[in-house]
Each structure stands twice: as structure tokens, then as C-alpha cells.
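What follows is each chain in one-letter form.
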Amino acid sequence: MPIAKRSKKAPLATQEAVHQAPSVFDSVEELEAYQELMDQARRKTLSIPADLLVRQVLAVCVGGDWPVQRAALDALLRRIGSVQKDRLQIAARPPGGRVLGRYQTRRRGKGGGVRPYVTLLEGVRAGSPIGRCGCPDYLKSSMGLCKHLLTLLNGVHTHPRKLAAALVEHEKRAAAVRPARLLFDPVRPLLGPGDLLMQVRWESGPSPENNVQHRRARRWFPSGRTGTLSLSDAHANDPRKRLALVGDLFVFLDEREPDCDPALVTLLAEEKEALSSILRDAELPTHLRRHLRDLKCPLYPYQVEGVARFLTLGRLLLADDMGLGKTAQAIAAAHVLWHAGRVRRGLFLVPASLKPQWLREWQHFTDTPLVMVEGTRAEREALYKKTQTGFLLVNYEQVLRDLPDIHRFDPDLVVLDEAQRIKNWATKTATYVKTLKAPYRLVLTGTPMENRLDELASILDWVAPLAIEPKWRLGPWHAMTGDNGVGGARHLDTLRQRLSGCMLRRVRKKVLTQLPARTDTRVPVEMTGQQREAHDSLIQHLRLMMLLTTQRIISNGMAQLQFPEVWPAIRDAEAPHQALREGLFSPKLEMLRELVRHLVIDQERKVVIFSQWRRMLRLSDWVLGDILREAGARAVFFTGGESGKRRTQNIVDFHDDPQTRVMFLTDAGGVGLNLQRAASACINLELPWNPAVLEQRISRIYRLGQKLPIDVYNVVTEYGIEARIAEILGSKRALFTGLFDGTSNEIQFERGSSFLSRMEQLVPEAVREAMGRADGEDCEGEDEAAETSDRDFGQGLLK
């Protein structure tokens, strides 16, 4: 267990020494962890003894290692920060002036209509249960504490008389004979399926004779045994039997009893609602084929399976490999729910650039009413009010402006396309979308995780919030660390097991034997001396992350770096003569001419050409101008620089006009666009940081409906930063495929480095935010809302 060097310890505070449990540890490692955590917790726990909280951390991290323990303390200290910030108020206290017992707590300023949380304070010293709470955080965090309990603890330890009274009450409660009761163990196991219902415990004790509720609840636990018992089976795969179990346990609970566990009340209520919904829709899959026969276009068998899975669960992350028809499955699901009378209003949230394509796909599959929301603020507001039934097609940016209208529309079904838009907890888009509480929720993304596990957790927070909780444990428990930082991922079996109940993913190779073969070719080019000199001059400044973008631009060519000076001098030239091209100092553009001549001219194929930068595409268009004109061919653009009308027309021309053979795209066109019936070759002028973004580019042509073999050419400058990016992409792709498409429990990255963590510590946030904007408006990332940037590039660039 890696332990940081510590300064000489100060003695424990007197209050801590008096109230701590005996200092007995099972191992030297546990003692060292305790000492290190105490050092980190001192003077950060308000009036609460640090010893009490550190021992709570060790108790909830049994089986975990030092990274997990450290993350638990950090999570606990964040909650203490919430205690200071929120200044909770106590709405009700235990009767008779007692300190321990049943409280009601709420945030200050909340109106009387907001129901306070029930919080049960059971102890105030280390080594004993502290308490229970009905708030969502207590249920999900696996810490056995929440800000409500911490508020009560802090209040008791602030006043010596209250503390003394609480200790006396604790001794009396410990000596008293308790009746049989049900409790919720809040600490979710590190491994295994993690079913929260399996955390219910039966605490044996006397019960009135012939008590029916007692007998019905007791029958779900092992017979002939006493003490604290776990459920024999939670019947995760049998909704009817599971609902019967929940019903018996729920009836046994009496919320009027002072020791009734509020967390268990919350859990059982949520389980009952979810199971009732599943059983209510149980007959939908039986009518599925009848309703699907009304579709204008039939689905593939695996797509029918996807629709059935969603209808069974009501909430699903559909993470099929790109190109397998997630859009078709979403439309079919809406069609079935509409015709079955289960949905009156539905909302589809999609990227703005894909709204016309969604409308075409919708009309291709169904006659169910769909309205595309467009126009001024007043026009959109009128449209929301006018639409009483049917489906609305809205882009993510409109959610930020129209949220009150969308709430009044009150959709029964919400579908998120390209749900990477909510992968970042902190963005307004994610926050606003997660306020939509439709009973049916379907999330579509071929890349549920692009860089980090917390992206996946953010998406699941709206679909299945209990699937892979707690969030604070995800990184430290599933990352493999070594001398050079993150070296791989571990415990993937547990992640796959917990995702299986809420996520469906099929990969292309298992369901599309008719999909043609794909060939990927790395095309190396050499740097000129002038490029190499400019590139290397920045190495000493690599800690300023936005200079990495400049190095990437230099790898494309000096002409892009010096675009404002170069472009006016060449744009009016009659042809891109060799002398002019040599002055661009861009071997990539020369290689592009050769590739296009080979693919477009000689083979008469259509090609898509990607770059992150519009300037690089403008230079590419200029360099290719003469050879395309000679062949009677032309190129079109699909970037953020064209109007929506122009982009739509360019897509039509690329499909229907035989002479429109080249389409230039930025990553604004790397999501959702279907070009498989037009092009059969893809050229990437540079590699993005993200393997998921690279796959999104390629999947514009490598998807369902492609009839020809495809070729992918990744043009990589062999010297400098681009070669390192190519190496890093392998590690990122290994994590994604290892988790979602693999079977191994661990994966080792070829190269590990703590570069990213070091850079995040050394570089101010403002500089990192500027990273993706180093080239001004010319740089187009994969997210039109600019909610991602090159700061998520990976690790190992300095190795």
C-alpha cells in the first residue's frame, strides 16, 4: 500500500482519545492507513472527532486498498463541506429531550411543501453504528454517513452536555432488548452484482405471538437461525417474486416506530415502484411483433431484441456498436409504446445537426406524429403549448433555453441520442436533462465511456442511478496503478455484471455477418526540417497544455500554423502548382493528393476526409482543386461553418450527384451522420485524442447498409506528438473494449504514466479550458456545445 511520507504527528485531541474505540488493527497496513488518514483529516472535521470518521472510513473500505481508503476520506470531507455550505435545519427532534433517535432534517429556505428527510441518530462514538437516513446519498454512497447525519453529529460534539447525554443514552440502548427489526446495510460490496436489496438484514428479537407481518417477512431469511441474517435470495430475475418479497418487507416496517430504518423505507419504496412498472409493461413484448408489423421498414432480429429489452425494463442504455441502427430501435420503441397506449407524449433530444436526419429516419419507419421544434423563442413556446399528444424532436441547445416549456409538456418517454452530451456532471446540459423525470428513458450512444469511468456513471445517473454506485469508488477501485501512474484496469467482471441489468450492447462482428470487411492503414509521412525545428522548440513548454494543440497543428503543416499569412497569398492562384505546395511545408497535403488521386480518380470512389480544423480542410480543398477539376469532380463541406440548409444540400449532393466525390468534415460531422450509401473510404488527416471519436468518424461509412469493402487511412506524422497520440489510442481502446466487449477481469496498458494527473495539478483550469480553443473558432471538437476539449487526451505524452 503506497503511503506518502508524513510529517511528525501531533497527539490525538483529548476528545478523540476519550471517545475512540480500542486501537486494535488487523495488520500493520491498516494501522499505517489509519495514521495517514488521521493526518489528512485533522482540522477538517468541524467538531466531530477525526478518529470517529477515520474509523468509519476503514469500516466501509474492508477489502479495499489504500486508493479506495483515501478516496473514501475525500468523499467524506466533501460531505462535511456540504454541512458548512447548506446549513441544514432540524425540522423535528426525538421526543422527551433525547439526543439519540429520530430527527427530520431539511435545507434552509425550503418551503413547507418539501418533505424533510428522516434521519436516525444511533451513536456518537467510534466503533458503534452512527445512524441511518432516508436521503438518496445515504442509500447510494456506501459510506454509512451523509450530510444530514454529519450535521447531527457535529451538533452533538459541539455541546459537551449533549455529548455526555448521548453517551448515556447509547449505553441504555445497547443494554435494552430490541424486538425483531429490519435494517439496511449501506456498504455495498466491492465485488459481485451489488444488488442493494441483498443488503437488507433481519435482526432477530422477540415478536408478538401470531404476528402475520413478522412471519411473512421472516420467511425470506434463512430458517432455524438467529442473530443478524441476510436474505436467502433477492430474486433479481423474477420481478413477481421480487415484488412479493418487497411487499412483505414493506408491510413489516412501521414508520411510526422510533427505530424504523428510514434508508430501508426509501429503498423498498423505490423497488416497489420500479417493479410495479416492469410488471405493468410485462405484456408489451408479447404484443411487440403485432405493433412492429405496422412499421414501414422491418427490423433485424437483434434490433427487435433491443426494442423488447427496453420495453421490459422501461429504462435502458442502448450502447450498440456504431452503425447497428440505434436510431431505428428508438423509433420502433416509440412506435410500439404509442400504439399500445402507454405513451401520449414523447421527447427526442438529438444534436442540432442531426435533426433533419432524424426526421427522415422517422418518416422512413413510422407514421406516428413527430414535430421538429424550430423557430424563434415565441414560436417554440407556442409549439410546446399546441402539442398535446405526439412526439417532439428537440436539440440539446434548446433544452437550455426551453426547459420550463419542456417540463410543462411533461413527456412520458424521453430518448437521448448521442448521450455523450450528458457525460460531464458539471455541464448545464447534463444538469438540465437530468431534471426530466419521464417513466420511460432510453439513452443511445455507441461510446458510453470515452475517457473515464465517471463519464459512464454520469450517463447512468439518469437511467439507472444505482447501477455502479458509489461514484467515489469507481476510479480508485477499478484503476490499476504502478510506478508510472495508471497502468490498466481491474475488477472489470464486477462492472460488466452491474451494467448487465441496465445496458445492452451488441458488437458488429456478432450480428452483422453481411457487413463488409474493413481495412485500416496507417500512412506515415516525414517532417520537413522547418516543421521539426518549430515542433521541438515547444518541448520545453509542454506543461502549458494548450501548446500541445499547436504542436498538432504544426504536424499538419506550417501552412495551417501560419494560415492568416499563407492563405491570402495562395487562394487566388489558378492552380496549386508544385512550387506553391512546397511553400506550405505540409507533407500531409502532398500525401493527401496521392491518396485522392488513387481512390477518387483511379478507382472512382467517394471519400470522406476528416480534420479537427476547418483551416486544414480549406487547405486540403485548395490542394486537391486541380486534380478534381480535371476529373470533372468536386468536393463539399460538412462543418460548423456552413448553414444547416447548406449542410443538408451537401449531404444530398454527396449521395445523389456522381460528380460530388469528396466530402470534407470536422468532428461536427463525426456523430450520427449516415454516409454508408455514398462513400467507401475515409481519410483522417490527424488522429483525435479519443479512440471513440476516431470510431465515430469511421462509422459514418462503416455501418448498416454499407455494401462495399471500406478503407480507412490515418495520416500520421511519424515524428513528435502525433506518433505519441497513435500509441496512446491503443491504451484507450483497450480499456473500452476490455470493459464493454471483453471477458477478462483485468487489462494492462502498454504504457502507464501519471502525466495527466501531473498536468492537472500544474496547469491552471483556465489554461486547460483554453486548450481546445488554441486556434480560435477554427478548431471544431467532437461536441458542438464545446463541453469537451483536448484536456481529455489521455496519458503518456511525455514518455
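Every value quoted in this text rests on a predicted model; they were computed, and no experiment measured them.

Student: Lay out the pairing of strand E20 (residues 660-665) with the relevant residues and their values.
Tutor: Where burial is concerned, most of E20 is hidden: six out of the six residues are buried. Both strand E18 (residues 607-610) and E20 contribute to a ladder of four bridges, which runs parallel. Across the sheet, residue Phe610 finds its bridge partner in E20, namely Leu665. Where strand E19 (residues 634-638) and E20 come together, five bridges link them in parallel fashion. The residue of E20 that forms the bridge with Phe637 is Phe664.

Student: Provide a residue-level description of the sheet that holds strand E10 (residues 370-372), including the pertinent values.
Tutor: Strand order in the open sheet made by the seven strands is E10-E11-E9-E12-E13-E8-E16, with parallel pairing throughout. Each edge of the open sheet is held by one strand with a lone partner, namely E10 and strand E16 (503-504). Lying over the sheet, helix H13 (residues 326-339) contacts strand E8 (315-318), strand E9 (345-350), strand E11 (390-395), strand E12 (413-417) and strand E13 (440-444), oriented at roughly 170 degrees with respect to E13.

Student: Can you lay out the pairing of E9 for me, pointing to particular residues and giving the numbers?
Tutor: Counted residue by residue, E9 has six buried out of six residues, so it is predominantly covered. Side chains Arg345, Leu347 and Leu349 project from E9 onto one buried face, and the interleaved Gly346, Phe348 and Val350 project onto a second face that is buried too. Relative to E11, E9 is paired through six bridges, and the arrangement is parallel. Counterpart to Val350 in the pairing with E11 is Asn395. When E9 meets E12, the two strands line up parallel, connected through four bridges.

Student: Pulling in residues and values, what's your account of the side chain of Arg441?
Tutor: Positionally, Arg441 belongs in strand E13. In this structure Arg441 is buried but unpaired, with Glu273 as the nearest side chain of opposite charge at 7.8 Å. Of note is the side chain of Arg441, whose polar atom sits 2.7 Å from the backbone oxygen of Ala438. Setting aside anything within four residues of it in sequence, one finds Arg441 in contact with Phe310, Gly314, Arg315, Leu316, Val414, Leu436 and Trp462.

Student: Summarise the packing of helix H2 (residues 28-41) against helix H3 (residues 50-60); cite the residues concerned and give the values.
Tutor: Here H2 crosses H3 at 135 degrees, and the two axes come no closer than 10 Å. By the criterion of interaxial angle, the relationship of H2 to H3 is oblique. H2 and H3 meet at a crossing whose hand is right-handed. Of H3, the residues touching H2 (which contributes Glu30, Ala33, Tyr34, Leu37, Met38 and Ala41) are Ala50, Asp51, Val54, Arg55, Val57 and Leu58. Of the residues assigned to the contact of H2 with H3, the class counts are nine nonpolar, no polar and three charged.

Rules behind the numbers
- Residues numbered from 1 in each chain as written.
- Predicted model: local features only at pLDDT ≥ 70, side-chain atom pairs only at ≥ 80, totals over all residues.
- Heavy atoms only, no water.
- Buried < 20%, exposed > 50% of the residue type's maximum accessible area, 1.4 Å probe, protein only.
- Helix = DSSP H or I, 4+ residues; strand = E, 2+ residues; numbered from the N terminus.
- Pairing = 2+ DSSP bridges.
- Contact = heavy atoms within 4.5 Å.
- Axes fitted to C-alpha atoms, helices over the stretch in contact; angles between N-to-C directions.
- Lys, Arg positive; Asp, Glu negative; His and termini not counted.
- Salt bridge = Lys/Arg side-chain N within 4 Å of Asp/Glu carboxyl O.
- Polar contact = N/O pair within 3.5 Å; in protein donor to acceptor, adjacent residues only side chain to side chain.
- Parallel < 35°, antiparallel > 145°, perpendicular 65-115°, else oblique.
- Left-handed = near helix turned anticlockwise from the far one by under 90°.
- Nonpolar A, V, L, I, M, F, W, Y, C, P; charged D, E, K, R; others polar.

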